[in-house]
Structure formats: C-alpha cells, structure tokens
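# Observations on chain architecture
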Protein chains: 2
Amino acid sequence: MTLSLDLTNMMAGALPDGAGISATEWAAAQLRFAQAHAAVHRRTDDLGFLTLPENRALHAATQQVVADVRGRFDDVLLLGIGGSALGPIALRTSLGAAAAAHAAVPRLQVLDNVDPASMAAMLARLELTRTLVLVVSKSGGTVETMAQYLIVRDALAAAVGEAEARRHLIFITDPEVGALRRIARAEGIVTLDVPANVGGRFSVLSPVGLLPAALIGIDTDALLAGAAHVMQASTSVTLMQNVAGAFATAQWLADTSHDRRIQVLMPYADPLRDVALWFVQLWAESLGKRRPDGRSVGPTPVPALGATDQHAQVQLFMEGPLDKTVTFVTVGGRDGAGRIPSRHADIPELGYLGGHTLGELIDIEQRATAGALAARGRFNATLHLDTLDAWHVGALLQTLALATAYAGVLYEVDAFNQPGVELGKQFAYALLGRTGSEAARTEWDALPKPDPRWQI
Amino acid sequence: MTLSLDLTNMMAGALPDGAGISATEWAAAQLRFAQAHAAVHRRTDDLGFLTLPENRALHAATQQVVADVRGRFDDVLLLGIGGSALGPIALRTSLGAAAAAHAAVPRLQVLDNVDPASMAAMLARLELTRTLVLVVSKSGGTVETMAQYLIVRDALAAAVGEAEARRHLIFITDPEVGALRRIARAEGIVTLDVPANVGGRFSVLSPVGLLPAALIGIDTDALLAGAAHVMQASTSVTLMQNVAGAFATAQWLADTSHDRRIQVLMPYADPLRDVALWFVQLWAESLGKRRPDGRSVGPTPVPALGATDQHAQVQLFMEGPLDKTVTFVTVGGRDGAGRIPSRHADIPELGYLGGHTLGELIDIEQRATAGALAARGRFNATLHLDTLDAWHVGALLQTLALATAYAGVLYEVDAFNQPGVELGKQFAYALLGRTGSEAARTEWDALPKPDPRWQI
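Residues numbered from 1 in each chain as written. Chains lettered and ligands numbered in written order. Predicted model: local features only at pLDDT ≥ 70, side-chain atom pairs only at ≥ 80, totals over all residues.

## A word on the overall build of chain A
This is how the line gets drawn: Helix and strand definitions here come from DSSP, where helices need a minimum of 4 consecutive H or I residues and strands a minimum of 2 consecutive E residues; each element is numbered from the N-terminal end. We compute the radius of gyration from the C-alpha atoms alone; for a globule the expected value is 2.2 Å times N to the 0.38, where N is the number of residues. For every residue, the other C-beta atoms within 10 Å of its own C-beta are counted; 20 or more classify it as buried, 12 or fewer as exposed, and values in between as partly exposed. C-beta atoms are placed from the backbone.
When helices and strands are tallied, chain A shows 17 helices and 12 strands. Relative to the compact-globule value of 23 Å for 456 residues, chain A shows a C-alpha radius of gyration of 24 Å, a close match. For chain A, the proportion of its 456 residues judged to be buried stands at 62%.

## Examining unusual backbone geometry
Cis geometry marks the peptide bond from G306(A) to A307(A), where omega comes out at 0°. In this structure, A307(A) sits in the loop between strand 10 (300-303) and helix 12 (314-319). For H344(A), which is not glycine, the phi dihedral falls at a positive 55°. Mapped onto the elements of the fold, H344(A) is located in the loop between strand 11 (324-331) and helix 13 (348-351). Within the chain, E412(B) stands out as a residue other than glycine whose phi angle is a positive 60°. Residue E412(B) is classed as exposed on the basis of its 12 C-beta neighbours within 10 Å.

## Topic: the relation of the copies chain B and chain A
The criterion, for reference: Least-squares superposition aligns the copies on the C-alpha atoms of those residues with pLDDT at or above 70 in both. Note on contacts: each residue gets a C-beta atom placed from the backbone, and two residues are in contact if those atoms are within 7 Å.
Between the two copies, chain B and chain A, the superposition gives an RMSD of 0.0 Å; the rotation angle is 180° and the shift along the axis is 0.0 Å. What we have between these two chains is a two-fold relation. In terms of C-alpha distance to the rotation axis, chain B has V302(B) as its closest residue, with the C-alpha 3.3 Å off the axis. A symmetric contact is evident, with 99% of the interface residues of chain B recurring at the interface of chain A.

## Some thoughts on the nonpolar core
The cut-off we apply is this: For this entry, the nonpolar core is defined as buried Ala, Val, Leu, Ile, Met, Phe, Trp, Tyr and Cys residues connected by C-beta atoms within 7 Å.
Membership of the largest hydrophobic core comes to 327 residues, with the highest contact counts inside it found for L134(A), Y406(A), L134(B) and Y406(B). Residue contacts for Y406(A): discarding those within four places in its chain leaves A36(A), H37(A), V40(A), A244(A), G245(A) and A248(A).

## Here we look at the sheet that holds strand 7 (residues 262-267) of chain A
Residue and element names in this part refer to chain A. We apply this condition: The rule for pairing is simple: two strands pair if DSSP sees at least two bridges between them. Lines are fitted to the C-alpha atoms to define the axes, a helix being fitted only along its stretch in contact, and any angle between axes, read from their N-to-C directions, falls within 0 to 180 degrees.
The mixed open sheet is built from 5 strands, whose spatial order is 1-12-11-7-10. Two strands lie at the open edges of the sheet, namely strand 1 (3-6) and strand 10, each paired on one side alone. With strand direction ignored, the average angle separating the axes of adjacent strands in the sheet is 20°. One ladder, built from 4 bridges, connects strand 1 with strand 12 (residues 379-385); its direction is antiparallel. Residue pairing across strands places L3 opposite L385, the latter belonging to strand 12.

## Observations concerning the sheet that holds strand 5 (residues 169-173) of chain A
All names here are of chain A. Pairing is parallel across the open sheet formed by 5 strands, whose spatial order is 3-2-4-5-6. Edge positions in the sheet fall to strand 3 (107-111) and strand 6 (190-193), since each of these pairs with one other strand and no more. Strand-to-strand twist across the sheet, computed as the mean angle between neighbouring axes with direction ignored, equals 20°. Note that strand 4 (residues 131-137) and strand 5 share 5 bridges and pair parallel. Within strand 5, the residue paired with V136 across the bridge is I172.

## Overview of helix 5 (residues 143-160) of chain B
Residue and element names in this part refer to chain B. The condition is simple: Under the convention used throughout, the expected extent of a helix is 1.5 Å for every residue step, that is, one less than its residue count.
Along its 18 residues, helix 5 runs 26 Å from first to last C-alpha, staying within 8% of the 26 Å computed at 1.5 Å per residue. Along helix 5, the residues classified as buried are V143, E144, T145, M146, A147, Q148, Y149, L150, I151, V152, R153 and L156. Within two residues after helix 5, G161 carries a phi angle of roughly 95°, on the positive side.

## Considering the interface of chain B and chain A
Contacts between the two partners involve 117 residues from chain B and, on the opposite side, 116 residues from chain A. With 13 residues, the top contributor of residues to the side of chain B that touches chain A is helix 14 (residues 358-375) of chain B.

## A few points about the domain arrangement of chain A
All names here are of chain A. Defined as follows: Throughout, the edges of the domains are those of an automatic or database domain assignment. We call Asp, Glu, Lys and Arg charged. Ala, Val, Leu, Ile, Met, Phe, Trp, Tyr, Cys and Pro are nonpolar, and the rest, Gly among them, are polar.
In terms of domain boundaries, chain A breaks down into domain 1 (3-41 + 224-411) and domain 2 (49-218). The gap between the C-alpha centroids of domain 1 and domain 2 is 31 Å. Between domain 1 and domain 2, the residue contacts involve 20 residues of the former and 19 residues of the latter. Secondary-structure elements contributing two or more residues to the side of domain 1 that touches domain 2 are helix 9 (220-233), helix 11 (273-287) and helix 15 (390-411). If one sorts the elements of the side of domain 1 that touches domain 2 by residue count, helix 11 sits on top with 9 residues. Residue classes in the side of domain 1 that touches domain 2 are distributed as 14 nonpolar, 3 polar and 3 charged.

## Considerations on the packing of helix 10 (residues 243-258) of chain B against helix 15 (residues 390-411) of chain B
All names here are of chain B. What counts here: Each angle gets one of four labels, with under 35 degrees taken as roughly parallel, over 145 as roughly antiparallel, 65 to 115 as roughly perpendicular, and the rest as oblique. Handedness of a helix crossing follows the sense of rotation of the near helix relative to the far helix, less than a right angle counterclockwise being left-handed and clockwise being right-handed.
At a closest axis distance of 8 Å, the pairing of helix 10 and helix 15 adopts a crossing angle of 45°. In terms of their interaxial angle, helix 10 and helix 15 are classed as oblique. Read as a crossing pair, helix 10 and helix 15 show a hand that is right-handed. Between helix 10 and helix 15, the contacting residues are V243, A244, G245, F247, A248, T249, Q251 and W252 on the first element and T399, L402, A403, Y406, A407, L410 and Y411 on the second. Considered class by class, the residues forming the contact of helix 10 with helix 15 number 11 nonpolar, 4 polar and no charged.

Structure representation (structure tokens):
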C-alpha cells in the first residue's frame, strides 16, 4: 500500500534547454519547506483536518447514523455546494461503483447548484418516501443550500407529512453556530458535526464526506487509515521523504521561480476524474489570495483526464506557452484488465492492438505523454497509487490537503479563508433585499452600468 | 430568439485603475478583425464547419438512419474520444433531459476513454441485444476508439451473433480514408460521413453530434437553424455586429495586450456545464500552438459552473493574479421557476429567501459575481441565451466554433491542426510495438529515465 511521487520531469537534467528546477533551488527550498512544515504541524489544534484521520469519536457518530437509517432508504439526496459537495462527489465517483457491487446500498444524488431545472428533475425522479436528505453546510447558512433546503423540506412534508419529514433529514454543520444548528435544536433533527476548526474544503474526511460515503457502502475505515498513514509519513521535514511536502514545494517553485503558473491535475483513471475537481477548489480557493503586501498570488489549477484529454488539452500543454505543470495520477494493477481481442489483423490501425489490454494501453499512453511533455521542456510529475481502493483514495486526498496547507505557508497566504467571495455575496444579498445589505446596495448602485456601446 | 454578448466589463471605463481594453485598442483591433473575417469566410470550401448548418444532404442522411433504427434499441453506446465525444456529451447534457420528457427515446451512453473499469461497468450494465453502437472517429483509426471497438464488437457478436452484430453498428467517419471506412465497405456496415474538410473538434453539427442527438429526440432542425442564424449574422465585418468576432477579438486583446491569458467559460446553468468542456477542447487544441516564428502562443481555457464555482474557483478569480477573463453564459426565462417556500421566517439566513425563486437566485448571483469581478478590475463578459433550447444551443456552439476560427487568424496560428500530439502518439505506438514506430522507439530510449533521487 503506497502512494508515491516522481518529480524527475520537474528537474533540471531531465528537461532540455536548461529548463527545470535546479539542485540549488531545491536545496534552498528545503529550508523554506522546513519552516512551512513547522508552521503547519504546530497548528494541530486549529487545523482540524490534520487530525480528522484519527478522530474516532466523529467516525463512530457517523457510523451510528448509518446503522440507524439502514434499510429505510433507496436514495440519499445531498444538498450542498462547494466543499460540501465536491468531496462527496469525488468519493462517489472514485469508490462508489465498486462498493455498490458488493452490497445493496442506496444511490447517492447530489444537488450542488440552484438551477431550477436540476431541482425539478431531481424531485421528479426521486421517491421521497424512500429518500434520506443530507443538508450540508459548515456555516449552516449558505444561501444556495438554504434555498435548496426550503424547497426539499416542503416537498418532503408533502410526501410524508411534517412530523415524519424530520426523520428523513440529517444536517451536517458546525457544532454550535448557524441556522441549521438552530433548526436542528428546535426540531430534534439528527445532526453530525463539522468540527469548528475544519473548513469546508478541508472537510472530506469529516462527516461531510464520511456519512455519504458510508451510506453507499464505501469502507470509511480504510479511507481514514490511508489518510492516517499520510499524516504519519509527513512527520519528516526532509522533502524527498514527505510526498505532500515535495509536491507542494515543487509546484510552488515551478510557479514562483519558473513562471509555470497553471497547474494541471490529470488522473489516468475515470474514477478519479472528480478528485481533480475537488483539488481545483482546494488549490484555487486556498492559494488564490491578495497578500498583506498587496500582491495577488496563486497558481491556477486546471482539471484534466487521461487518456481522454490527449485529444483535447494536450496540444496546448505540448506547444502552448511554457506556463504549466502537469501532475499525472496513475493507478497500478490494471495491466491484465480489458483484454483487446484480435480482429482485422490485416488492417494496420487495428492489427497491433490484439492481445494488448486496455489497462496496458492507458498506462502506456500516460508514460508516452509524460515523456513527450518532458522532451519539449514541459514540467510534469506523477503521483502513483498502487491500486484504486479506499485506502489509496484516502491517502491521495489527505496528501493534497496537507500539500495545500504547506503551499499556503510557502506562498505567504492564509490558506484557510476566502475573503474574495464576500463582495459578490453582499451584492447578491442586496439584490435579494436581505436586511442589513444596504451598504452593499449603495456600492452596487455606484458600479458602472451595462453600456449599450459594448452590447450586441 | 437571440444570442447576445455584453463586453462592458472588458472595457476601460467600466473597470477601475485604468484596467480594460481602451477605445484605441479596440479601433485598431477592428482592422485586424476585418482581416481575420476575410481570411475565414473566403475559406468556405476547406472549412467545412462553416457550411454544416446548411448541409441538408448530410442532415437528411442522418435522419434516414434514425428512421431506420427506430424502436429497435433501448441504449445507444457511442465509442469515441475528444471531438468525437465532447460534442455529443454537450448536446446530451444541455438538451437530452428535455427531449426525453417528450418522447420515448433510447438512452445515450458514451465511452470516451480506455479505462478498463469503465468498459467493464458499461458492458455489465447494457443489454447488448437492445443496444446500438456508434463508432466515431474522423480519421477512422484513433487508437483508443479502435481498442474500444474491438472489445465491443466481440461482445456484440457473443450477444447476438456475428451477422446480426453488423446491424447493431453504425460508423461515423471520413468519407474515403481510414480503417473504419475500409471495414464498413468490406462488411456492409451503415456509415455516415464526417466531411473531409471538417475536423473532429468542429464536427458537432455533422453526424458526429447530429446522429446521437437525433436518436435521443433532440430537435436537430432547430439546432441547425440556430447555427445557420449565426452564420448569417456573421457576414458583418463590424465587430459590434458580429458576436463571434467580438468575443474572439476581446479575448485575444485581453490575452496579448493585457496578459489575461487564462480564459474561463462559466455558464450559470447546469445543462450547459459540458458545453464548457467542449469549448475547452476547441479553444485549447485550436489556439495552443508553436507558431512558424517559434513563439508558443495560446490562451488557456478553464471550465467553470455558476453558481457552484462561487464556492470553488471564484476566490481565485477575485483575488488571484490579474491573468484571467471570465465569460459567463446566462439563460433567460427562468425567473418564475423553482419557487422557494417561506419557512423559518424568524431565522435571518432563511427568512429573506421565501417568495423568491431559484431562477431569480441563480440570475442574481451571476450579476453579483460579474459586478464584484469588475469592481476588482477583473475582465468579464456575458453571452446570453434568451432561452435554453435547441435553437439557442446550436447558435452558441456555432458562435464559439466561428470565434475559434477568427482567433486562429488573430493569433497567427493554424487553428485546424494539432501537431503537438504527434510525439506522444508515436511514443505510445513504439511502446505498444506497432510496426513502423522504430524511430520513435529510438527517441524514447534516449530520453532521461526516472531518477531515484526524485522519487518517493
């Protein structure tokens, strides 16, 4: 059971024309990383995600809820947005199909937007008498989630009655504050905690991800064990002994010393495609910041999927500006899977394929793409999972979360806030007429208006 | 029926601190655009996508196939990758649910990768006796698609017999060349053309997109009519009368004169989320190029989805480096949809929502985000569809395809090739042992090898 990292193609020597991180840069970065390591690991009290893998009480509470609802529901509908949805979706995509093959479990449905068409289609599809609704919001008052909740709560009440509706609801929210907590207390709705010191985008291994995962049969013990392994391995301040540290430091150097400011995460495995979207939020919202010195920093994460994106984005990665890194995520143990039969042996485009497997093909395509990118001076790295299971997915998620915390220190930003979204939120409140948004309304009214000269 | 564009927030005047495209720049760009316009529209013979909306013979052939197979199949399985899959997927997501609500039509399944787990899951799920298989490859020899075809062809033969299997297959490929055409001729398999002058990523309005769309009940007449309308409107060489031209020119100026090199497409509508992925291929693979003068150019497209990504990427867009544009895609006519009931009127986070609708909320959030971005000097634009139907989706796709062709001229690249993917392809052939790949094998063997110093 291993998650490994290969940085060869990020380094001078492997890349042509003097491209790549030099030994001197790496040695200097080792000193910076030691500071970042200390800054992160001394904060175990206020960075709750560091200890989620060992939080047995929270896991036990989650498992108790799963036991309590067993057999009552055919569908689980999760209402949430951002960190409340991306983690559960990533777990469903990566591990849900395998879990469902081994046990009779409910389906997980996610509404992560306020598109009225999606809400109508979901309500038309679900049998609400057999549906459990998870309402997920760390703050307990996220506008999109509250709007979804109000609609679904009324639909539930219409389907099963007001009293019974409460037994179809579980809230996942802050232990103390917010609207969801207040409603739960008033109405006796079952609630699981997102610890106060765990932010939304770092919450996948809290009940936010654990409850939906456990409900659909994913082995949450293994998920947490993989993440715990990463925490143990990350005690080392030596870069090439700490996967999360080496990943974060290499990406930070590539951006700040080599102008590789766009950072692609490209799994070569369909089940990991939504892990890339989860990573995009984590990396973008944590590192895209205005620093106290006024400088705007932060790499731009881009999701991709191999081999598919070889026919979409790889042309740009190969020949476009030298402004990217590509981190592949590969999976072992697939060589024998998907045998390609021999047919049309006389046709050159097909004849050579017979006898190979899809597993071989996807692995070979990844190696070929990595080699081609390196040959053209394009930074790339590979994260490798020995196999695709709950242990390795837990390890991967915790590695990327920890890397984000390290990168926050390297970039000199607070990786755990998101002040930039506040203005848009206030403008929306103002346009919706929420009490207390009068100042935002004034600021909104002072903005330049759509100009007919620039409209077609 | 209108597709409109608002560039106000790309322009000096609307943005603070002197940011934005100046009137002088825009006037100069008008001259460049006139050249681009001429260069594109004089190529109607070799840029086949320009005339696809009027290609009645191709549409009639597609409709004949739909009529011939009606009632025989419950599932349509499309095998393809890149441009052979992204268009069909975008059409399914944007219009499929509405079409399926009005008629009993088959489901569309797409395999767009060579992950053995996806192939196994798909074959386990499908009833092959009731499945029509579309094999889609412009060149007729795409390695991933050929591998999928060999596996699915054997599975079909096992399920229905060799002779009947041919009646479950339709090929969509070049009219003359390639392995698929050769097999079709030898075995009498029904085949639809991708015209020789239509490249994969510009093929959504050829049978590549039209056949799967028509099979699942999408109104392909309306799709083509919307696209045809765009072609008529694009006769104007005046920028602010040509939506595709104004979009392309504004993005090109933002990149090349203002260093806004990352270009986000952010629909505020769940059904359009995969149109953003289709656009990513179109923009990335067409414009990400090494020019004859040796310069690597090309903006990096990034997909996003509103309101969801307000909780994921918008923090970066608001406070990260000033290196992005955001183009929203909005949809009219949703104000009355998704009424939010009043409940918990005493709780501030919920009380103000009652009586509003989800449609209002998603529209307000888009306006609020656009205003907030502009207030912080972030370039943004809005493409607006009067409503979400086949006409407007056809118009949107053709607008973006045409914009890509214009942008190719502005960037001085060939928007219709993809030479950068050739090296990786040759390396893969070499590793698979395909005859004729000996030179690639030699080049591969000379590459630096993974270095244990950079591996954990």
